[in-house]
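Observations on the model geometry
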Amino acid sequence: MNKTIKKRKYTAGKITYKILFYLLLFVLCVIFLFPVWWMIVNSFKSQSLIYSDMGGFRTFLPTAPIGEWFISYRLLFVTFKEFGRSILNSVTYAALTISGVLIINSLAGYALSRFVFPGHKLIVSIIILILIVPVETSIVPQYVILFRLGLLKVPVLAYLIPGFVSPFYIFMFRSFFLGIPRELEEAAYIDGCGGLRTFFRIIVPCSLPVFATVGIFTFMGSWNEYIFAQLMFAGHQSMMPLQTYLQIINKYQPQDLSLVLASLTFSTIPIAIVYVLFQRWIVEGVAFGGLK
Amino acid sequence: MESNGKAVSPKKKKVRRAHFKLFGKSYGVNDTVVGVSFFLPALILGSIFVIAPMLISLGYAFTDAKLLSLNNVHWAGFRQFALLFKDKIMWKAFGNSMEFVVKVVPLQLCASLGLALILNTKIRGNTFFRWAFFVPVMLSLAVTSMLWMNLFNEQDGLINSIFEFFGLQRQKFLKDPDQALDIIVFISAWQGAGYQMLIFLSALKNIPRDIYEAADLDGANKLQVFWHITLPSIKETFSFVLVTMLIGAFRLITQPMIMTQGGPINSTITMSYYIYKQGVDFRDVGYSSAIAFFYTIVMATVALTIRRLFGKDNTL
């Protein structure tokens, strides 16, 4: 008798604990998801419907008839003629940045992992120093340099070139290449391959994970870049990448909230696809950073 | 690039063993040629866009340089620094940055570690919850700022209508100097926590099961297990996350730039933003560099101290 009561009490406690636990999870989910949910749902409504729904729970439901869902999206492309262009710009800038970053930093990482040349040690120390000591260089001195080089007249170059080299990625490539046994390349050298051919034939195929990780992280960085783009492309609307162009839509008076929400939602789709497709690489890359 | 390959390969057989000496050290000619040519693009770009900005900003801090008259720069000694320490807005920005760091880092750290701990247990819908907490990370900082700016709109934003629905007082939110920075703290943690959650999660998954089993046999309670086993096992990850989070928080600029432009009454102006404003908007490169110099010292001191505290100074 006693025993069963005890057992039931125990399970009751456990059940309350479980309920509370899942309640907490639910609340957390609501906090993390409701703004994004609201953004998506309301991007399917007209501005007047957004405001008339706002007072109650209907604001979280797609209340417009399904045929009218994409009106705001069509209006978005019609009203802001350069929105489509800015998406194309962002894709182009990302592609160029990824190519530049992968080639330049992987070669540099390879040089530091294999070849001992004068200054080799100094360079490695400088890179480590840059990575350890946070420097608030901000963008002002970079802006000054671009100004002096006359690159500000060619905003695209001024925007892209500084992003090509990254001490962190050089270091990441170097650490990965250090783990590849040298015997693999020796065979290639004996066969008469030069440095560049050995690199592309032997090293690159062995290092796809690190190339993928750096590529994805570069994409995310480039896609999300705001401040520098804002600085470089102020006054050059047709060259603006998506993130800066969004602010033009957001700031436009009179503001149309449905267009703003549609633009925010639409601009998130490409990067969300990248996250979903490459989640394994992202988690590994994140872990790489964390384990170092 | 092609010329490098050509230059190296024909000589290869003879040159492979050739060496030269520099400062008493011997280097292979071939290694040097290939190594330097591979490193060259990064060296050139890195010197111009990574190293030079640091040195330039260091140098300009002691001058009166203005963006539009960079050919007419005069040595100013410590004058910019004297100005800086009397600049009330600078101190306001400094205070705001510190307040942001002190608030956002614990909040985001607890949130991300807490979420990771929850997801590390066997719960139903684990994958769903992981994605749910990760969704804000997929939004860019610009999208996050613009979305929340509209949600927190004091006239017709969603948050105020929710407040009204529950009978609460309408708030001025971003227009209220007492609330604006806290809102930025909240949205920053909201946007970023899912990312560090992933880092913690992968660290937690690497802790060997048998340590927990041993603790279980010893009758340790959950808090003891967390304090004596979980936390020490993820110490390195913890310090990595802490330092990156700190540095990120020190550099806050995008959110206030989009949401408040530093207002109201400078309540959300941060150091990075003020440095940007002085350098770009007011074109006062010398003064901007002096503030950056001062702020770098503060940031570096804090970051290096934390690394020292965790006993590992080469965390990258």
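As a convention, each chain's residues are numbered from 1 in the sequence order in which they are written. Ligands are numbered from 1 and chains lettered from A, in the order in which they are written. In keeping with the model being predicted, local features are shown solely for residues with a pLDDT of at least 70 and side-chain atom pairs are shown and tallied solely at 80 or more, while totals for entire chains, interfaces and linings include all residues.

Before going further, it helps to spend a moment on the overall build of chain A. Starting at the N terminus, helices and strands are each numbered in turn, a helix being any DSSP run of H or I of at least four residues and a strand any DSSP run of E of at least two. Check the secondary structure of chain A and you find 15 helices and 0 strands. Relative to its length of 292 residues, chain A is extended, with a C-alpha radius of gyration of 26 Å against a globular reference of 19 Å. If one aligns the C-alpha atoms of chain A with their principal axes, the spans along those axes are about 75 × 75 × 40 Å. The buried share of chain A, taken over its 292 residues, is 41%. C-beta atoms are placed from the backbone for every residue, and two residues are taken to be in contact when these atoms lie within 7 Å. Partitioning the intrachain contacts of chain A with sequence separation of at least 6 by distance along the chain shows that 71% fall at a separation of at least 24. Each radius of gyration reported is based on C-alpha atoms, and the globular scaling rule is 2.2 Å times the count of residues to the power 0.38. Exposure is read from a count of other C-beta atoms within 10 Å of each residue's own; the residue is exposed at 12 or fewer, buried at 20 or more and partly exposed in between. C-beta atoms are placed from the backbone.

Right, let's get into the overall build of chain B. Helices and strands together make up the secondary structure of chain B, namely 15 helices and 2 strands. Taking 20 Å as the expected radius of gyration for a compact globule of 316 residues, we find that chain B reaches 26 Å, considerably beyond that expectation. Seen through its C-alpha atoms, chain B measures out along the principal axes to roughly 85 × 65 × 35 Å. For chain B, the share of sequence-separated contacts (at least 6 apart) that also reach a separation of at least 24 residues comes to 66%.

With that settled, the discussion passes to the domain arrangement of chain A. Domain start and stop points were drawn from an automatic or database domain assignment. Parsing chain A into structural domains produces domain 1 (2-76) and domain 2 (82-251). Once you take the C-alpha centre of each, domain 1 of chain A and domain 2 of chain A turn out to be 40 Å apart.

Residues and elements named next belong to chain B. Paired strands, as defined in this entry, are two strands with at least two bridges between them according to DSSP. Direction of pairing for strand β1 (residues 19-22) relative to strand β2 (residues 25-28): antiparallel, over a ladder of 4 bridges. Bridged to L22 within β2 is K25. Between the antiparallel neighbours β1 and β2 lie 2 residues, among them F23 with a positive phi of about 50°.

Residue and element names in this part refer to chain A. One fewer than the residue count of a helix, multiplied by 1.5 Å, yields its expected span. With 21 residues, helix α14 (residues 257-277) extends 30 Å from end C-alpha to end C-alpha; this agrees with the ideal 30 Å at 1.5 Å per step. At I269, α14 is bent by approximately 35°, the largest bend along its length, and proline P270 sits one to four residues beyond. Within α14, burial applies to L257, S258, L259, V260, L261, A262, S263, L264, T265, S267, T268 and I271. What we call the bend at a residue is the angle made by axes fitted to the seven residues finishing there and the seven residues starting there.

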